[in-house]
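Close look at the chain arrangement
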Amino acid sequence: MQNEMNQFSETAESAIKINFKITEQDFMTQMDFIMEKVVSKLNMKSRIMLCASVLLVVLLLAVMDWRRYLPIILLLLLLAALLLALNKLFALILRITNSNAAKAQRESGAFDSPVEAVFYPDRLTITGAATHSVFQWDEMTNAYETTDGLHMVHHASRYFYIPARFFDDNSAAAVTALLQQTLGEKFSRDAQMMTPDTAENPGEGVQPLTDEAEPVFRYDFAMTGRDVTAVSGRRSRIMLTAAGAVIAAVCGIWAYGSIKNGNTYNAVFGILIGLAVIVVFVSTYVKNFAAANYPSKNISLRWYDDHVTAVVYQEDEGFNRVPYAKIKKISRQGSLTVVTFQDNTFLFVPQSSFSNEGERAELEEFLNKKQLKYSKLKY
């Protein structure tokens, strides 16, 4: 017991506290950073496929009888056009999502509230009036130092941002040194933070609120990583599946037509392109699914009259309180009842948590009424 107390004392003494707040402008800075990282990764993969397609077109045009390969050339150009269109569409969706997320944060009063981040040797905690989140360092995917501040990524999809103005030279050096030590290659310095001589004071800290009343509904269950990944990457996987299916279908139709016309060469070429596209999209699909592979955790969802509180049981118990004004939609995804919020975060209740189908329908009806109520208040 004495050894455990000494270890706790050493951990507390080595903790680094940063008090900050996020304004709407800070939020948009964070959203722009996320969009830049996501789109740059997508563009890198697309550039490889585009270069390969263009190179094949150039090689085919260089041969003497290039008209013979006209269907192949058109197919490759179609593939390049689809890749460019997907990039533009994905970037547009991200911009719309960011705008909606900012609106939801503004309407729920999330901006300009003091928050405390504590960097321990083994974990990061972020505490505000509506949240106390605990993140083990081995669950962090990346951390980036930029001139604007510090961006941290949890399980490839959840981003946290601390603006540079809330650091000074000493605290910035201490935090980045800790991140280098704990995250290793996961930490990268895109640029050194532009810190002021004196860190900005975000205002008096706010103690986390407590729920006094009994919840209308309460569900305690194990939140499995499989369920989280099934929900978190659903949109991008649908887009990948649709795009891959369209391209593969075009290749298949062209190959079938070539076989009927007795043009075996074109048929083989079309099948090879189709298979290559399928391999690329399937591998990206699998990587997307695996990237957000969350560990299973015990969770309690407590649904009150105007908000839901999610309590995560771990060594340092965390919680997050979300007002119903942020609800975007309620849907069923397989055995899960999923509540998606305006900032594209989500909560879900597995079917196993309900005693019967009527209880599940009762919760969904309750949430649909809340969504309707708050949507009317907004407009």
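Residues numbered from 1 in each chain as written. Predicted model: local features only at pLDDT ≥ 70, side-chain atom pairs only at ≥ 80, totals over all residues. Heavy atoms only, no water.

1. Quick notes on helix α5 (residues 225-232)
Taken as a whole, α5 has its buried residues at Gly225, Val228, Thr229 and Val231. The arc that holds the buried residues of α5, viewed along the axis, is 165 degrees, so those residues lie on one side. (Buried < 20%, exposed > 50% of the residue type's maximum accessible area, 1.4 Å probe, protein only. Helix = DSSP H or I, 4+ residues; strand = E, 2+ residues; numbered from the N terminus. Arc of directions from axis to C-beta.)

2. Quick word on the packing of aromatic side chains
The tally for this structure, following the rule as stated, stands at nine aromatic pairs. The interplanar angle of 65 degrees and the centroid separation of 5.0 Å between the aromatic rings of Tyr219 and Phe354 together place this pair among those described as edge-to-face. In this pair, Tyr219 sits in strand β9 (residues 217-223) while Phe354 sits in the loop between β15 (346-350) and α8 (357-378), placing the two residues 135 residues apart along the sequence. Using a relative accessible area of 3% as the deciding quantity, one classes Tyr219 as buried. A residue is classified by how much of its surface remains accessible, and Phe354, at 9% relative accessible area, is buried. A ring pair is formed by Phe346 and Phe348, whose centres lie 6.5 Å apart and whose planes are at 25 degrees; its orientation type is stacked. Relative accessible area serves as the criterion here: at 23%, Phe346 is assigned to the partly exposed category. A cation sits over an aromatic face here: Arg123 above Tyr120, 4.0 Å from the ring centre. (Phe/Tyr/Trp six-rings, centres within 6.5 Å; stacked < 30°, edge-to-face > 60°. Lys NZ or Arg CZ within 6 Å of the ring centre and 35° of its normal.)

3. Quick look at the pattern of salt bridges
For side chains bearing opposite charge, pairing can occur when the charged atoms are close. Counted according to the given criterion, the structure contains eleven salt bridges. Between Glu139 and Lys297 there is a salt bridge whose closest N-O contact spans 3.2 Å. Highlighted residues: Glu139 in the loop between β4 (131-136) and β5 (140-146) and Lys297 in strand β10 (residues 297-303), separated in sequence by 158 residues. Linking Arg360 and Glu364 is a salt bridge whose minimum nitrogen-to-oxygen distance equals 3.6 Å. (Salt bridge = Lys/Arg side-chain N within 4 Å of Asp/Glu carboxyl O.)

4. Describing the sheet that holds strand β13 (residues 327-333)
One open sheet holds the three strands; their spatial order is β13-β14-β15, and the pairing between them is antiparallel. The two strands at the open ends of the sheet, each matched to only one other strand, are β13 and β15. Between one strand axis and the next, the sheet turns through 15 degrees on average, direction left out of account. Alignment of β13 against strand β14 (residues 336-341), held across six bridges, turns out to be antiparallel. By the bridge assignment for β14, Ser331 is matched with Val338. Across the face of the sheet, α5 comes into contact with β13, β14 and β15 while running at roughly 130 degrees to β15. (Pairing = 2+ DSSP bridges. Axes fitted to C-alpha atoms, helices over the stretch in contact; angles between N-to-C directions. Contact = heavy atoms within 4.5 Å.)

5. A closer look at the confidence of the model for the chain
Of the residues in the chain, 69% reach a pLDDT of 70 or more, and the chain-wide mean stands at 78. When mean pLDDT is compared element by element in the chain, helix α4 (residues 169-183) scores highest at 94, while helix α1 (residues 2-13) scores lowest at 41. Across residues 1-12, where pLDDT falls below 50, the model places five contacts with residues more than four positions away in sequence or in other chains. (pLDDT = per-residue confidence, 0-100.)

6. Some points on the nonpolar core
Grouped together as the largest cluster of nonpolar side chains are 38 residues, with contacts concentrated most on Phe119, Met152 and Leu179. Sort the elements by how many residues they give to this core and α4 lands first, with five residues. Not counting residues up to four positions away in its chain, the partners in contact with Leu179 are Phe119, Trp137, Ala143, Leu150, Gly184 and Phe187. Within the second largest apolar cluster, 29 residues are counted, among which are Leu336, Val339, Phe341 and Phe348. (Core = buried A, V, L, I, M, F, W, Y, C linked by side-chain atoms within 4.5 Å.)

7. A few points about the sheet that holds strand β7 (residues 158-163)
The strand order β7-β6-β5-β8 describes an open sheet built from four strands, whose pairing is mixed. The sheet is open, and its two borders are formed by β7 and β8 (187-189), each paired with just one other strand. Between one strand axis and the next, the sheet turns by 15 degrees as a mean value, whatever way the strands run. The sheet contact formed by strand β6 (residues 149-154) and β7 spans six bridges and is antiparallel. Following the sheet pairing, Met152 is matched in β7 by Phe160. Against the sheet, α4 engages β5, β6 and β8, with an angle of about 135 degrees to β8.

8. Description of the environment of Asn19
Within the element layout of this structure, Asn19 appears in strand β1 (residues 16-20). Along the backbone, Asn19 and Pro202 are 183 residues apart, and their C-alpha atoms lie at a distance of 6.6 Å. Apart from residues lying up to four places away in sequence, Asn19 is in contact with Val115, Glu116, Phe166 and Pro202.

9. A closer look at the environment of Ala130
Locating Ala130 in the fold gives a position in the loop between β3 (123-127) and β4. The exposure class of Ala130 is partly exposed, given its relative accessible area of 32%. The sequence separation of Ala130 and Thr309 amounts to 179 residues, and the corresponding C-alpha distance is 8.8 Å. Sequence-distant contacts of Ala130, that is, excluding residues within four places in its chain, are made with Phe319, Asn320 and Arg321.

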